[in-house]
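The primary structure of each chain is shown beneath.
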Amino acid sequence: MTPSDYEYLRKLLKARSGLVLSAEKHYLVESRLLPVARKAGLSNLTGLVARLRAPDAERLTVEVVEAMTTNESLFFRDKVPFDHFRDTIMPALLAARAASRRIRIWCAAAATGQEPYTLAMCLKEMGKELRGWRIEIVATDLSTEVLARAKSGIYSQFEVQRGLSVMMLIKYFSQVGEAWQIAPEIRGMVKFAPLNLLNDFSHLGKFDLVFCRNVLIYFDQATKIDVLERIADVTERDGYLVLGGAETVMGLTKRFRPVADKRGLYRQPDGVEPEGNVIPFSPVRADAAVVAAD
Amino acid sequence: MKLCMVVDDSSVIRKVARRILEGMEFKIVEAEDGEDALVACRRELPDAILLDWNMPKMDGYEFLKALRRLPGGDRPKVVFCTTENDVAHIARALHAGANEYIMKPFDKEIVEAKFQEVGLI
């Protein structure tokens, strides 16, 4: 791959996905894109770039972007965010939404579905507490290919063993040959849709909780700021934002601030009221299908 | 340093498990089958047991039932580690008193995740 090929790919990926590749990421590009090149009948990345530069290369461009932006995921990844979800976020939202009994959650980089399904399993574990509640989980990702996998809910033995306890495995999965498929009741709680975070997402409506983990790290400063500002626009005033362990809002936006002693958890400054104060509930909601958690 | 017993009739599996677990700061004892493991447990109960299912003399399931009947035998965290990966086997192991279940093949990340799950690390 020539320096000019690499520069072309860097610009293409930045424009199409926001992904910022530093100068030393040749190995990553080669490991991810050589299979795409070979699938297209090309022997190397120079050939791939030549094909991308040609007219009618949209389909190949999508494949390249998806190959570079698809990241591995696992159930209960990092564990702590799901402790926050169970112990902090849900109790607060159940109190704040007692009148409407509706909660909307957005997983902004759902990848192969482990994160939204983990949230759905956590909700199921809450059992009777959620009876009569309508909880919607919207899961989006740039890649239509990984979303198709996510929708199927089928995972390899290796994937289900990483992060998922055996109790949860036998409770919520069934064997399909050598693989495991998550139960229809859990799949039915998550609605998947393709979405590029660089594009407008206001049509998704307002959310009480946004999980946007391990995405911002791939963006440059301006893109991080832009995405965070627009996430703030779609987050209820008393809602929550969960970022990845290596991500922060500090120095990027004042519209979220860290929740004390809860790593990775953020709220809008005016959403954090002194104890005992009731935060007004905003009735602005999308007309999306709502799936009952119980 | 916590003590972990690796019970498997395959010396290769024991070697791989030993390397992973020593990297996780465990002291290791090995046993080739359920009978050997039970004798060792009567001498000293480990904190953790990584347990194969199919073994000569006494299999993992019989060993686990016998272990749980020993005085203090409820204390060791037992992680089944086997090629038997169907739901019936897993449910049977849990019923016999297993705390977690690893399906072979495994790697360091999976062992760490499972040991973390049961509070061993």
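Everything here concerns the structure above.
Residues numbered from 1 in each chain as written. Chains lettered and ligands numbered in written order. Predicted model: local features only at pLDDT ≥ 70, side-chain atom pairs only at ≥ 80, totals over all residues.

Explanation requested: the overall build of chain A in the structure shown.
Per the secondary structure count, chain A includes eleven helices and ten strands. Taken against the 2.2 N^0.38 rule, which gives 19 Å for 294 residues, the C-alpha radius of gyration of chain A at 20 Å falls within 12% of a compact globule. Overall, the C-alpha framework of chain A stretches about 60 × 50 × 35 Å when taken along its three principal axes. Taking all 294 residues of chain A together, 37% fall into the buried category. (Helix = DSSP H or I, 4+ residues; strand = E, 2+ residues; numbered from the N terminus. Rg over C-alpha atoms; globule rule 2.2 N^0.38 Å. Buried ≥ 20, exposed ≤ 12 C-beta atoms within 10 Å, placed from the backbone.)

Would you mind showing me how to read the packing of helix H5 (residues 80-96) of chain A against helix H6 (residues 114-126) of chain A here?
Between two packed helices, what matters for the description is the angle formed by their axes and the separation of those axes. All names here are of chain A. As a packed pair, H5 and H6 sit with axes 10 Å apart at the nearest point and diverge in direction by 50°. On the basis of their axis angle, the class for H5 and H6 is oblique. Between H5 and H6 the crossing geometry is right-handed. Each of Phe-82, Phe-85, Arg-86 and Met-90 in H5 lies in contact with H6, whose residues at this interface are Thr-118, Leu-119, Cys-122 and Met-126. The residue inventory of the contact of H5 with H6, partitioned by class, reads six nonpolar, one polar and one charged. (Axes fitted to C-alpha atoms, helices over the stretch in contact; angles between N-to-C directions. Parallel < 35°, antiparallel > 145°, perpendicular 65-115°, else oblique. Left-handed = near helix turned anticlockwise from the far one by under 90°. Contact = placed C-beta atoms within 7 Å. Nonpolar A, V, L, I, M, F, W, Y, C, P; charged D, E, K, R; others polar.)

Honestly, the nonpolar core in this entry has me stumped. Any pointers?
For soluble globular proteins, nonpolar side chains are generally found buried alongside one another. Membership of the largest hydrophobic core comes to 101 residues, with the highest contact counts inside it found for Ile-137 and Cys-212 of chain A together with Leu-50, Leu-51 and Phe-80 of chain B. With six residues, H5 of chain A is the single largest residue contributor to this core. With sequence-adjacent residues up to four places away left out, Leu-51 of chain B is seen in contact with Val-7, Gly-60, Phe-63, Leu-64, Val-78, Val-79, Phe-80 and Cys-81 of chain B. One finds Leu-33, Val-49, Val-64 and Met-68 of chain A within the second-largest nonpolar core, a separate group that totals eleven residues. (Core = buried A, V, L, I, M, F, W, Y, C linked by C-beta atoms within 7 Å.)

What am I meant to see in unusual backbone geometry here?
In most cases, non-glycine residues show a negative phi, while peptide bonds are predominantly trans. Here the residue pair Lys-104 of chain B and Pro-105 of chain B is connected by a cis peptide bond, since its omega of 0° sits within 30 degrees of zero. Considering the arrangement of structural elements, one finds Pro-105 of chain B in the loop between strand E5 (100-103) and helix H5 (108-117). Phi is positive for Asp-78 of chain A, which is not a glycine, with a value near 70°. The topology assignment puts Asp-78 of chain A in the loop between helix H4 (58-69) and H5. Exposure remark for Asp-78 of chain A: the 15 C-beta atoms within 10 Å place this residue in the partly exposed category. Although it is not a glycine, Lys-79 of chain A sits at a positive phi angle of roughly 60°. Looking at Lys-79 of chain A, the number of C-beta atoms within 10 Å reads 13, which means it is partly exposed.

Mind showing me how you'd approach the interface of chain A and chain B here?
Quite often, the size of an interface is put as the accessible area lost when its parts meet. At the junction of the two partners, chain A supplies eight residues and chain B supplies 14 residues. Counted by class, the side of chain A that touches chain B contains two nonpolar, five polar and one charged residues.

Would you take a moment to explain the packing of helix H1 (residues 3-17) of chain A against H4 of chain A for this structure?
Residues and elements named next belong to chain A. Running from N to C, H1 and H4 point in directions that differ by 85°, and their axes come no closer than 10 Å. When the axes of H1 and H4 are compared, the pair comes out roughly perpendicular. Of the residues in H4, those touching H1 at Leu-12, Leu-13, Arg-16 and Ser-17 are Thr-61, Val-65, Met-68 and Thr-69. Of the residues assigned to the contact of H1 with H4, the class counts are four nonpolar, three polar and one charged.

What is the right way to look at helix H2 (residues 34-43) of chain B in this model?
Counting along an α-helix, one turn takes 3.6 residues, and residues three or four places apart therefore face a common direction. Residue and element names in this part refer to chain B. Those residues of H2 that sit buried are Gly-34, Ala-37 and Cys-41. All buried residues of H2 project into a common sector of 60° when viewed along the axis, lining one side. Exposed side of H2, more than 90 degrees from the buried face: Val-39 and Arg-43 are the residues found there. Considering only its buried residues, H2 is in contact with strand E1 (2-7), strand E2 (26-31) and helix H3 (60-69). (Arc of directions from axis to C-beta.)

Looking at this structure, I do not really get the sheet that holds E5 of chain B. What am I missing?
Across a sheet, paired strands are connected by hydrogen bonds in the backbone, their directions being either parallel or antiparallel. All names here are of chain B. Taken in spatial order, the five strands of this open sheet run E2-E1-E3-E4-E5, and their pairing is parallel. Where the open sheet ends on each side, the last strands, each with one partner, are E2 and E5. With strand direction ignored, the average angle separating the axes of adjacent strands in the sheet is 20°. Two strands pair when backbone bridges link them, and strand E4 (residues 77-82) and E5 are joined in this way by four bridges, in the parallel orientation. Paired with Cys-81 across the strands is Ile-102, a residue of E5. (Pairing = 2+ DSSP bridges.)

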